[in-house]
Amino acid sequence: MADPVWADGEAYEAYVGRWSRLVARDFLRLLALPPGLRWLDVGCGTGALTATVLAEADPARVTGVDPAVGFLAHARERVDDPRATFEVGDARALPVADASVDVVVSGLALNFVPEPARAVAEFARVLRPGGVAAAYVWDYAEGMAMMRHFWAAAEVLDPAVAERSEGRRFPLCWPGALRALWTDAGFAAVAVRPVVVPTVFADVAAYWTPFLAGQGAAPAYVASLAGPDRAALRDLLVSRLPVEADGSVRLTARAWAVHGTAPS
């Protein structure tokens, strides 16, 4: 299956962007970097991580780079800070000079890059000696509960759908693969840690509705279904969700965060 087209910033925010903001905060607190640094956010998307860097890390500047023009338009509308700029660019050929930034970060993007090793080599190129490269990706196979419930229900109705799930398609999204990616790029003091955040939905409709907007692999699958098949999937999925007495659906999402230091 081809990767989904990421273009609609509002739809992405409703689907997973809002949860990315929670992960971004905890991710930056784990890094605990000093103020006044030059940051690069690779695969910045709708600006969730960029905005959190501005709020939490007191940077000198942040440059966000992403290939999706629609996402960048959303980021520019939402991030109103003179220290932030956004540019169209590919993670495998960053529009940034050698040794020109202190920190490179990437949130929920590396698994979508066709050649992630090339991207991480670019992180090393643009970092000053001793700079920090860090990223986080969802633990699709086990820790991203909202998607795990979805694909488990979909597979009951259509066993062939198993190959579409992100847990199968993105082997990068586990600690060993991330550690190897950073180590192979020459980074030192490499560490991988979990970041777990709550994903709370007011009711089953709040859980289901973002799957109808077409952004991401699961919503794209929903869009491909005929009406009766879509309704059958919704009914089965809702019957399997852990719904609280007040009607809410309280899940968690785990991301894996990796960081390392450029050689001095």
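Everything that follows concerns the structure shown earlier in this document.
Let us look at the structure shown here.

Here is what the cut-offs are and how they apply
- Residues numbered from 1 in each chain as written.
- Predicted model: local features only at pLDDT ≥ 70, side-chain atom pairs only at ≥ 80, totals over all residues.
- Heavy atoms only, no water.
- Helix = DSSP H or I, 4+ residues; strand = E, 2+ residues; numbered from the N terminus.
- Polar contact = N/O pair within 3.5 Å; in protein donor to acceptor, adjacent residues only side chain to side chain.
- Contact = heavy atoms within 4.5 Å.
- Core = buried A, V, L, I, M, F, W, Y, C linked by side-chain atoms within 4.5 Å.
- Buried < 20%, exposed > 50% of the residue type's maximum accessible area, 1.4 Å probe, protein only.
- Phe/Tyr/Trp six-rings, centres within 6.5 Å; stacked < 30°, edge-to-face > 60°.
- Pairing = 2+ DSSP bridges.
- Axes fitted to C-alpha atoms, helices over the stretch in contact; angles between N-to-C directions.

## Here's the deal with the side chain of D102
Here is step 1 of the chain: Checked against the element boundaries, D102 lands in strand β4 (residues 101-107).
Here is step 2 of the chain: Polar side-chain contacts of D102 include one of 2.5 Å to the side chain of R128.
Here is step 3 of the chain: Discounting residues that sit within four places of it in the chain, D102 has contacts with L37, R38, L127, R128, G131 and V132.

## Quick look at unusual backbone geometry
Here is step 1 of the chain: Even without glycine at this site, A32 takes up a positive phi of about 50°.
Here is step 2 of the chain: Following the sequence through the fold, A32 ends up in the loop between α1 (9-31) and β1 (38-42).
Here is step 3 of the chain: A positive phi angle, close to 50°, is found at A189, a residue other than glycine.
Here is step 4 of the chain: Assignment of secondary structure puts A189 in strand β6 (residues 188-201).

## Description of the nonpolar core
The tendency in soluble globular proteins is for nonpolar side chains to be buried as a group.
Here is step 1 of the chain: Core analysis: the biggest nonpolar cluster contains 91 residues, and L110, F123, W138, M146, F150 and W182 have the highest contact counts within it.
Here is step 2 of the chain: If you tally residues by element for this core, the top one is α1, at nine residues.
Here is step 3 of the chain: Those residues in contact with F150, other than ones at most four positions away along the chain, are Y207, W208, F211, A218, Y221, V222, L233 and L237.

## What to know about the packing of aromatic side chains
Here is step 1 of the chain: Inspection of the entire model under this criterion finds 13 aromatic pairs.
Here is step 2 of the chain: Grouping aromatic residues by their ring pairs yields a cluster made of W19, F150, W151, F201, Y207, W208, F211 and Y221.

## Overview of the sheet that holds strand β3 (residues 84-88)
Strand pairs in the sheet, formed through backbone hydrogen bonds, run parallel or antiparallel to each other.
Here is step 1 of the chain: Spatially, seven strands are ordered β3-β2-β1-β4-β5-β7-β6 in an open sheet, and the strand pairing comes out mixed. Looking at the sheet topology across the chains shown, the edges are occupied by β3 and β6. Strand-to-strand twist in this sheet, taken as the mean axis angle between neighbours without regard to direction, amounts to 20°.

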